[in-house]
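Listed here are the chains, written in short residue letters.
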Amino acid sequence: MQPLREVAYRLPPLPTVRELINLFGLRARKQLSQNFLLDPRITERFVRAAGGKRLRGSYVCEVGPGPGPITRSIINAGVERLIVIEKDKRFLPTLQILSDSYDNRVDIHLGDVLSFNMSTMFPEELRRQDWADRPPPISIIGNLPFSVSTPLIIRWLQDISERKNAWSYGRVPLTLTFQKEVAERIVAKEKGNQRCRLSLMSQAWCDVDLKFIIKGSSFVPKPDVDVGVVHMVPKAIPAVLVPFKVFEKVTRTVFSMRQKYCITPFMRLFPEAMRDQIPAELLQKSGVVPQMRPFQLSLQQFSDMASLYWETCQKCEGLFEYNHRAPLPARQEVEWSNRVHGKDNYERLDFIE
């Protein structure tokens, strides 16, 4: 008799997902951006994009499983344990049926993935000691609601940068769905039409790959857009060295004026009294021509810009907190002018010549 670990796990005969949806009277809720992917051919392809045979014997966390169509394909891949995080309690009965049919190897958690802590969810022996080690046998998979996909990936990118949450175990890969346009932005190269803040932030900390496109007609109910499946693996060596909040602020500010010369939005990181000299000097040191537009810049150029900006912030107390969008009194432009020029008993900022 073969050892259990060598046997391919297969579900016993079960009602189809569509039958379970009808049995429990489940309907996708528009306010939660829910869309069910019911075609098993596509869910199997989804799981192959996440690693396929490499998932056998591993641990997988599925976020937003809904009634469980992708869940079944993950189970069929032979994972050691599957952990699902679902916000909508209406789906608990269908997920429990899957758990019961899989020898209780499915752990069900009711909660909001935006605030869910995965830092102790997997066995301690899976935790890597060195970030540069190969990724642990853990994967995160999810067909994300459109309404949460972007804020969730931003939050998870910050967790990756700080090596916390699920990434306290190491370089845990992700395979997630996004609206096609968002997926294309995540993987967009420099000078491309889709290049944006999300492109830079994703590629700063992860190797990204758009695996395939799912037609909107494959979902129930049918969304107005197609969907992209993106595979992301945290980089052993991040492309940026500054804290996440710094790179996020620089890219957000610069891309706020995407079609303008990059010097124009970059200047807005600084009080008005510092704009005549400092921004242009930092761009020059970064190898950036001020007349280039944000989407034309490379990841390395953005990394250099962020590093020099952060270096300047560390020399100048309060600079990082400066917000050009704040009301005029809150920006304290007069005080900044006095600091820059050494007026009214202010000591002149010593790094400004």
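Please read these numbers as outputs of a predicted model, since none were measured by experiment. (Residues numbered from 1 in each chain as written. Predicted model: local features only at pLDDT ≥ 70, side-chain atom pairs only at ≥ 80, totals over all residues. Heavy atoms only, no water.)

Draft legend 1. Structural context of the overall build of the chain. If you tally the helices and strands in the chain, you get 13 helices and 9 strands. C-alpha atoms of the chain, sized along the principal axes, occupy 80 × 45 × 35 Å. Counting contacts in the chain only where the partners sit at least 6 residues apart, residues at least 24 apart contribute 69% of the total. Carbon together with sulfur atoms contributes 48% to the accessible area of the chain, which is approximately 17200 Å² in total. (Helix = DSSP H or I, 4+ residues; strand = E, 2+ residues; numbered from the N terminus. Contact = heavy atoms within 4.5 Å. Areas by Shrake-Rupley, 256 points an atom, 1.4 Å probe, with all protein chains shown as cover.)

Draft legend 2. Summary view of the side chain of Asp88. Here Asp88 is to be found in the loop between β3 (81-86) and α4 (92-101). A polar atom in the side chain of Asp88 sits 2.8 Å from the side chain of Arg90. (Polar contact = N/O pair within 3.5 Å; in protein donor to acceptor, adjacent residues only side chain to side chain.)

Draft legend 3. Main features of the nonpolar core. One finds Ile140, Trp156 and Phe247 to be the most contacted residues of the largest nonpolar core, which totals 75 residues. A per-element tally of this core places helix α11 (residues 299-315) first, with 7 residues. Leaving out residues up to four positions away in the same chain, Ile140 has contacts with Cys61, Val63, Met118, Trp156, Ala166, Trp167, Val172, Pro173, Leu174 and Thr175. In terms of nonpolar packing, the next biggest core, distinct from the first, is built from 32 residues, Ile42, Ile75, Tyr102 and Phe219 among them. (Core = buried A, V, L, I, M, F, W, Y, C linked by side-chain atoms within 4.5 Å. Buried < 20%, exposed > 50% of the residue type's maximum accessible area, 1.4 Å probe, protein only.)

Draft legend 4. Fine view of the sheet that holds strand β7 (residues 206-214). Reading across from one edge, β4-β3-β2-β5-β6-β9-β7 is the order of the 7 strands in this open sheet, with mixed pairing throughout. Each edge of the open sheet carries a strand with a single partner, namely β4 (106-110) and β7. When the angles between neighbouring strand axes are averaged without regard to direction, this sheet yields 20°. Relative to strand β5 (residues 138-142), strand β2 (residues 59-63) is paired through 5 bridges, and the arrangement is parallel. Note that in β5 the partner of Tyr59 across the bridge is Ile138. Packed on one face of the sheet, α4 meets β3 and β4 and runs near 160° to β4. (Pairing = 2+ DSSP bridges. Axes fitted to C-alpha atoms, helices over the stretch in contact; angles between N-to-C directions.)

Draft legend 5. Region of the structure containing helix α13 (residues 333-341). Those residues of α13 that fall on the buried side of the exposure criterion are Glu333, Trp336, Asn338, Arg339 and Val340. Buried residues along α13 sit against α12 (328-331). The positive-phi residue at the C-terminal boundary of α13 is Gly342, with phi of around 70°.

Draft legend 6. Here's a closer look at unusual backbone geometry. With an omega of -10°, the peptide bond running from Val220 to Pro221 counts as cis. With respect to the helices, strands and loops of the structure, Pro221 is situated in the loop between β8 (219-220) and β9 (227-234). Positive phi, close to 55°, is recorded for Arg163, a residue that is not glycine. Positioned with a positive phi, Asn165 is a non-glycine residue whose angle comes to about 60°. For Asn165, the position within the fold is in the loop between α5 (146-162) and β6 (174-179).

Draft legend 7. A look at helix α10 (residues 278-285). All buried positions along α10 are accounted for by Ile278, Pro279, Leu282 and Leu283. Along the axis of α10, the buried positions cluster into a sector of 130°, meaning they face one direction only. The exposed residues of α10 that point more than 90 degrees off its buried face are Gln284 and Lys285. On the buried face of α10, the contacting elements are α9 (263-267) and α11. Backbone geometry just downstream of α10 places Gly287 in the positive-phi region, at approximately 75°. (Arc of directions from axis to C-beta.)

Draft legend 8. Molecular detail of the environment of Glu124. Tracing the chain through its elements places Glu124 in the loop between β4 and β5. As for Glu124 and Tyr169, which are separated by 45 residues in sequence, their C-alpha atoms are 8.2 Å apart. In this structure the side chain of Glu124 is engaged in a polar contact, spanning 2.8 Å, whose partner is the side chain of Arg127.

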